[in-house]
Amino acid sequence: MENFLRKFPFLVQLNPYYFTGLYKQAYHFRFYFPQFPSTRNNRTAVFCGSTPIPLSSDQVSICDVEAFVTSILNALDQRHIENQDQKESGALTDIAFDLLSVQERYQCDVTFNGSFNIVEISNLRNWKKHSISLSHTSNGQFKIVQHTLPDLVITEAFTRQATLERQMQIFVDVLDQLKEFYNNLSMIDELCYVVYPIHIDTRTSWRIFKYDQKVFLKIVLHPLQPSSIDITFIGPTRLVSKLREKYNEKQEEWDTESRVYTNLVRIFDIISFPIRPMQLAGAERSEDGDDACGICMVYKDSDNRIPFISCDNEKCSLIFHVSCLKEKESKQFFTVSIGNCPYCKQKISSSFDDLILSV
């Protein structure tokens, strides 16, 4: 009897011949073996919840108690596996229908692996550049694991597990809130000579573009408040100081109903900002043009970056690539905030510091 209970630890002996137990948190047993270890004259009941599970003729014919119980457990294990397979198959079918619904509703591309563990949705009807990847969790929900949105718009609701349809609705709702943000950036990209970032994506909320040959503007837009910007002036100290003063004086003229580009043009009282030069003969600029680097004598370096570092000497027309300055001055532990022009030896403005560190 002790060996029997050790072999089937989920069973509890209520009296010398009566046993009960719960198997895999799903199956309830009641055994009565009056002639233990023989199954003769036994009374057995097996339930799944309140549903009785009948024994097969093969099981009923087994005479040994241990073999009898083992046979029942093997049959229940097989039943459990089949039930799980049916549940998983049904769940995958539901996901497939959900994906078809999403594809039809948002006119998008949907890709997934065989088990639907990872689903990627891209090329949405109104948002061709955006995509979202979701992971199917163990509780049947979905969690967003990758996206193309700026980090500043990610809220707690965006990080929770939810149904596929709910996650898509959250994603599209956020995109709708970002229309003005993307429209502002798109206008700047089209009408300004943007020099950084080199590779623009949908997550980037800042731009650095030319004001003139030596002065650059860095603007940072808040995705959900695109009419409110942070602006940094980059260039020779005196030129930057004059421009900043002019901007501060006209802050009250900022029209929240107008685009950022329109406001900046009006504040600086200019017709337009410099635009990206047209490509001629396979190159944007001649290598010996006025904007070429004063060290390497070419316009774009190997990383497609243009020269933009200049000194405070207004009579010095030279500008330099960051990489060229770093290479030339490496033995002197060059940093912009204490650096000098390699030719006229005048101070280089500290306004370039943030750029020099990030490039």
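Our subject in this report is the structure included herewith.

Parameters and conventions
- Going along each chain's sequence as written, the residues are numbered from 1 onward.
- Totals for whole chains, interfaces and linings use every residue, but because this is a predicted model, local features are given only for residues with pLDDT of at least 70 and side-chain atom pairs only at 80 or more, for both listing and counting.
- With hydrogens and water stripped out, all remaining heavy atoms of the structure feed into the side-chain values.
- To get an axis, a line is fitted to the C-alpha atoms, and for a helix only the part in contact is used. The angle between two axes follows their N-to-C directions and goes from 0 to 180 degrees.
- For the purposes of this entry, the term helix denotes a DSSP run of H or I that reaches at least four residues, the term strand denotes a run of E that reaches at least two, and both are numbered from the N terminus.
- Note on terminology: angles under 35 degrees are roughly parallel, angles over 145 are roughly antiparallel, angles of 65 to 115 are roughly perpendicular, and the others are oblique.
- Should any heavy atoms of two residues lie within 4.5 Å, those residues are counted as being in contact.
- Any pair of Phe, Tyr and Trp rings, taking the six-membered ring for Trp, is counted once the centres come within 6.5 Å. Such a pair is stacked with planes under 30 degrees apart, edge-to-face with planes over 60 apart, and tilted for the rest.
- When accessible area is computed with a 1.4 Å probe and restricted to protein chains, residues below 20% of their type maximum are described as buried, those above 50% as exposed, and intermediate ones as partly exposed.
- Grid points spaced at 1 Å and placed over the protein atoms alone form the basis of the search, with a cavity being a set where a 1.4 Å probe fits but cannot get out and a pocket an open set showing protein on both sides within 12 Å along at least five of seven lines. Lining residues have an atom within 4 Å of a point.
- Grid points are joined across faces, edges and corners, and a volume is the space filled by probe spheres set on the points.
- Charged residues are taken to be Asp, Glu, Lys and Arg, nonpolar residues to be Ala, Val, Leu, Ile, Met, Phe, Trp, Tyr, Cys and Pro, and polar residues to be all remaining types, Gly included.
- For two strands to count as paired, DSSP must find a minimum of two bridges between them.

### Considering the packing of helix H6 (residues 179-191) against helix H8 (residues 260-267)
What describes two packed helices is the angle between their axes and the distance between those same axes.
Line of reasoning, step 1. At their nearest, the axes of H6 and H8 sit 8 Å apart, and the two run at 55° to each other. By the angle class used here, H6 and H8 are oblique. In this structure, H6 contributes Asn184, Met187, Ile188 and Leu191 to the contact, and H8 contributes Val260, Tyr261 and Thr262.

### Quick notes on the packing of aromatic side chains
Line of reasoning, step 1. One pass over the full model with this rule turns up 28 aromatic pairs.
Line of reasoning, step 2. The interplanar angle of 90° and the centroid separation of 6.1 Å between the aromatic rings of phenylalanine 33 and phenylalanine 68 together place this pair among those described as edge-to-face. In this pair, phenylalanine 33 is assigned in the loop between strand S3 (27-32) and strand S4 (43-48) and phenylalanine 68 in helix H3 (residues 65-106), connecting sequence segments 35 residues apart.
Line of reasoning, step 3. By relative accessible area, which is 0% here, phenylalanine 33 ends up buried.
Line of reasoning, step 4. For the pair phenylalanine 308 and phenylalanine 352, a centre-to-centre distance of 6.2 Å together with 35° between the ring planes defines the contact as tilted. Of the two residues, phenylalanine 308 is situated in the loop between H8 and helix H9 (322-329) and phenylalanine 352 in the loop between H9 and helix H10 (353-358); the sequence distance between them amounts to 44 residues.

### Quick notes on the layout of surface pockets
Gaps between atoms show up when a probe of the same size as a water molecule is rolled over them.
Line of reasoning, step 1. There is about 350 Å³ of room inside the largest pocket.
Line of reasoning, step 2. If you go around the largest pocket, you meet 15 residues; those closest to its centre are Lys129, His130, Tyr182, Ser186 and Thr202.
Line of reasoning, step 3. Put simply, the parts of the chain that give the lining of the largest pocket at least two residues each are strand S8 (127-136) and H6.
Line of reasoning, step 4. Looking at which element gives the most residues to the lining of the largest pocket, the answer is H6, with six residues.
Line of reasoning, step 5. Class assignment for the residues of the lining of the largest pocket results in four nonpolar, five polar and six charged.
Line of reasoning, step 6. One number sums up the size of the second largest pocket: a volume of about 170 Å³.
Line of reasoning, step 7. If you go around the second largest pocket, the residues you meet are Tyr193, Val194, Val195, Pro197, Ile198, Ile200, Arg276, Lys300, Asn304, Arg305 and Ile306.
Line of reasoning, step 8. A per-class count over the lining of the second largest pocket returns seven nonpolar, one polar and three charged.

### Focus: the sheet that holds strand S13 (residues 225-234)
Line of reasoning, step 1. The antiparallel open sheet is built from four strands, whose spatial order is S10-S11-S12-S13. The sheet is open, and its two edges are formed by strand S10 (194-196) and S13, each paired on a single side. Ignoring which end each strand starts from, the neighbouring axes of this sheet average 35° apart.
Line of reasoning, step 2. Pairing of strand S11 (residues 206-210) with strand S12 (residues 216-222) involves five bridges; the strand directions are antiparallel. Counterpart to isoleucine 208 in the pairing with S12 is lysine 218.
Line of reasoning, step 3. Against the sheet, H6 contacts S10, S11, S12 and S13, and its axis sits at roughly 165° relative to S12.
Line of reasoning, step 4. The strands touched by helix H7 (residues 237-249) are S12 and S13; relative to S13, the strand with the most contacts, the crossing angle is about 155°.

### Focus: the environment of cysteine 192
Line of reasoning, step 1. Within the secondary structure, cysteine 192 sits in the loop between H6 and S10.
Line of reasoning, step 2. For cysteine 192, a relative accessible area of 2% puts it in the buried group.
Line of reasoning, step 3. Sequence-distant contacts of cysteine 192, that is, excluding residues within four places in its chain, are made with Phe209, Tyr261, Phe273, Pro274, Ile275 and Arg276.

### Section: unusual backbone geometry
Line of reasoning, step 1. Residue phenylalanine 36 is joined to proline 37 through a cis peptide bond whose omega torsion reads 10°.
Line of reasoning, step 2. Although it is not a glycine, methionine 297 adopts a positive phi angle of roughly 65°.
Line of reasoning, step 3. Looking at the secondary structure, you find methionine 297 in the loop between H8 and H9.

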